[in-house]
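The chain contents come next:
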2 protein chains.
Amino acid sequence: MIGYPNGKKSNPINTKVNNKGNLGQSLENDLNRTNEFYRVHQIALVHKKPTPITVVEVDYPKRSAAKITKAFYQLPSTTDYNGIYKGIYIDFEAKQTKNKTRIPLSMIHDHQLEHLKQVLHHGGISFLIIRFSSYDETYLVEYQKIDDYLKRTKMKSIAYDWIVKSGYLIPVSYLKPCDYLSVLDELLFKGEKHD
Amino acid sequence: MIGYPNGKKSNPINTKVNNKGNLGQSLENDLNRTNEFYRVHQIALVHKKPTPITVVEVDYPKRSAAKITKAFYQLPSTTDYNGIYKGIYIDFEAKQTKNKTRIPLSMIHDHQLEHLKQVLHHGGISFLIIRFSSYDETYLVEYQKIDDYLKRTKMKSIAYDWIVKSGYLIPVSYLKPCDYLSVLDELLFKGEKHD
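What you are looking at is a predicted structure, and each value in this text was computed from that prediction instead of being measured. (Residues numbered from 1 in each chain as written. Chains lettered and ligands numbered in written order. Predicted model: local features only at pLDDT ≥ 70, side-chain atom pairs only at ≥ 80, totals over all residues. Heavy atoms only, no water.)

1. Topic: the pattern of salt bridges
Phase 1: Taken as a whole and judged by the stated rule, the model has 18 salt bridges over all chains.
Phase 2: The residue B:Glu36 makes a salt bridge to B:Arg39 at a minimum N-O spacing of 3.1 Å. In this pair, B:Glu36 and B:Arg39 are both assigned in helix H2 (residues 27-40), three residues apart and thus about one turn of the helix distant.
Phase 3: A relative accessible area of 34% places B:Arg39 in the partly exposed class.
Phase 4: With a closest N to O distance of 3.9 Å, B:Asp147 and B:Lys117 form a salt bridge. Taken together, the residues span a long stretch of sequence, with B:Asp147 in helix H4 (residues 143-152) and B:Lys117 in helix H3 (residues 110-121) at a distance of 30 residues.
Phase 5: Under the relative-accessibility criterion, B:Asp147 is labelled buried at 9%.
Phase 6: Linked by salt bridges that have partners in common, A:Lys117, A:Asp147 and A:Lys151 make up one network. (Salt bridge = Lys/Arg side-chain N within 4 Å of Asp/Glu carboxyl O. Helix = DSSP H or I, 4+ residues; strand = E, 2+ residues; numbered from the N terminus. Buried < 20%, exposed > 50% of the residue type's maximum accessible area, 1.4 Å probe, protein only.)

Below you can see the structure in the form of structure tokens.
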């Protein structure tokens, strides 16, 4: 082995390339990049909805540029993402947590869960995308399974172990850092995983 | 005829009830009320997207209440409305004009027209809802027809007469002040109007 100037050996653990390549990126960024890839390649049309804001005061320093000077965030009335894939309406909410054992349900509003249920009723596909950032793992969980889980338990959170068993690990690649449509392909066109 | 105290006859034109009952209401309000009716009665799930705003500065006077103190409107990247009806993805933009003969195309951004085209490509239904407020008439025009029109003409606007001929007058009722789904029912399930 070649000696290093300071006499220390190289540490293969510290210097190896992180093959996940994704750590620290926010889920929202990853979804935006993935949806952009889907859109440009005409695979699907999915957009994040803007954050709802109540505007109270606006200044017009120039005719062309309205400047909002007082506004407040509103609670969203629906999920953040919806769109169309192979003729199918899809709708989902995306959340990430640093927690290693569970995701608190307080992160998802009741009316968002109700919205996902209504999507199913009208013939669409609804699901959650949940990232456990400590493991850099992101799962797709169909809304129907979440609904069943919530009926069976009084827990205020969903366990990581249950999500690993009931959900689907979303593949990561450079161009599609959260390639959830590859999971939907399996679900919609190649039969379902049974737990 | 019974005489009036001031000796004038009653004027049936001025005192008759306006059977449209809708004059002066904004199209956005009418669509919100109609979509709420559809949602509550589980007919369809269609929402207006929030206006996209870039937030620059936020104050936190209390931990619970973030107050936005500097922000700007963004150009929308998609249309204002989308959702699901009988399993079908629907997507539309809504505009109203006081102009009596045409609607200027400058009211609809190019990327919104491109978005409506992409919706068709992916198997959804896309259209415009256009209100001529001078007549209190609101029309649904399928995107495909708009696309054909724009290919044939170099006009920077769409003529009222063309919209009357190529579009579909949207019925008005108290509970559904802009009942565009009744038009879609005709289009999707009972054959198409030929112009």
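2. Points about the interface of chain B and chain A
Phase 1: With 35 residues of chain B in contact, the opposing surface of chain A contributes 35 residues.
Phase 2: Interface area for chain B against chain A, summed over the two sides, is near 3000 Å², with a carbon-plus-sulfur share of 66%.
Phase 3: Summed over the three residues of chain B that lose the most area to chain A, namely B:Ile68, B:Tyr89 and B:His122, the buried surface amounts to 21% of that side.
Phase 4: Across the contact surface, chain B and chain A share zero salt bridges.
Phase 5: Sorting the residues of the side of chain B that touches chain A by element identifies strand E1 (45-48), strand E2 (53-59), strand E3 (67-73), strand E4 (81-85) and H3 of chain B as the ones contributing at least two each.
Phase 6: If you tally residues by element for the side of chain B that touches chain A, the top one is E3(B), at seven residues.
Phase 7: Of the residues assigned to the side of chain B that touches chain A, the class counts are 16 nonpolar, 15 polar and four charged.
Phase 8: Inspection of the sheet shows strand E3 (residues 67-73) of chain A paired to E3(B) by four bridges, in the antiparallel sense. When the bridges of E3(B) are listed, A:Ala71 appears paired with B:Ile68. (Contact = heavy atoms within 4.5 Å. Buried area = accessible area lost by both parts, 1.4 Å probe. Nonpolar A, V, L, I, M, F, W, Y, C, P; charged D, E, K, R; others polar. Pairing = 2+ DSSP bridges.)

3. Regarding the packing of H3(B) against H4(B)
All names here are of chain B.
Phase 1: Here H3 crosses H4 at 125°, and the two axes come no closer than 10 Å. One finds that H3 runs oblique with respect to H4. Handedness of the crossing formed by H3 with H4: left-handed. Mapping the contact onto sequence places Leu113, Leu116, Lys117 and Leu120 in H3 and Tyr143, Gln144, Ile146, Asp147 and Leu150 in H4. (Axes fitted to C-alpha atoms, helices over the stretch in contact; angles between N-to-C directions. Parallel < 35°, antiparallel > 145°, perpendicular 65-115°, else oblique. Left-handed = near helix turned anticlockwise from the far one by under 90°.)

4. Notes on the side chain of A:His122
Phase 1: Mapped onto the elements of the fold, A:His122 is located in the loop between helix H3 (110-121) and strand E7 (125-132).
Phase 2: With sequence-adjacent residues up to four places away left out, A:His122 is seen in contact with B:Gln42, B:Ile43, B:Ala44, B:Leu45, B:Ile84, B:Lys86 and B:Gly87.

5. Structural notes on the packing of aromatic side chains
Phase 1: All told, the structure shown has 19 aromatic pairs over all chains when counted by the stated rule.
Phase 2: Residues A:Tyr139 and A:Tyr160 carry aromatic rings whose centres are separated by 6.4 Å and whose planes lie at 80° to one another, so their mutual orientation is edge-to-face. With a gap of 21 residues between them, A:Tyr139 in strand E8 (residues 137-142) and A:Tyr160 in helix H5 (residues 160-166) connect regions that are remote in the sequence.
Phase 3: Plain terms: the ring middles of B:Phe132 and B:Tyr160 are 4.9 Å apart, the flat faces sit at 80° to each other, and that makes the pair edge-to-face. You can see B:Phe132 sitting in strand E7 (residues 125-132) and its partner B:Tyr160 sitting in helix H5 (residues 160-166), a full 28 residues away along the chain. (Phe/Tyr/Trp six-rings, centres within 6.5 Å; stacked < 30°, edge-to-face > 60°.)

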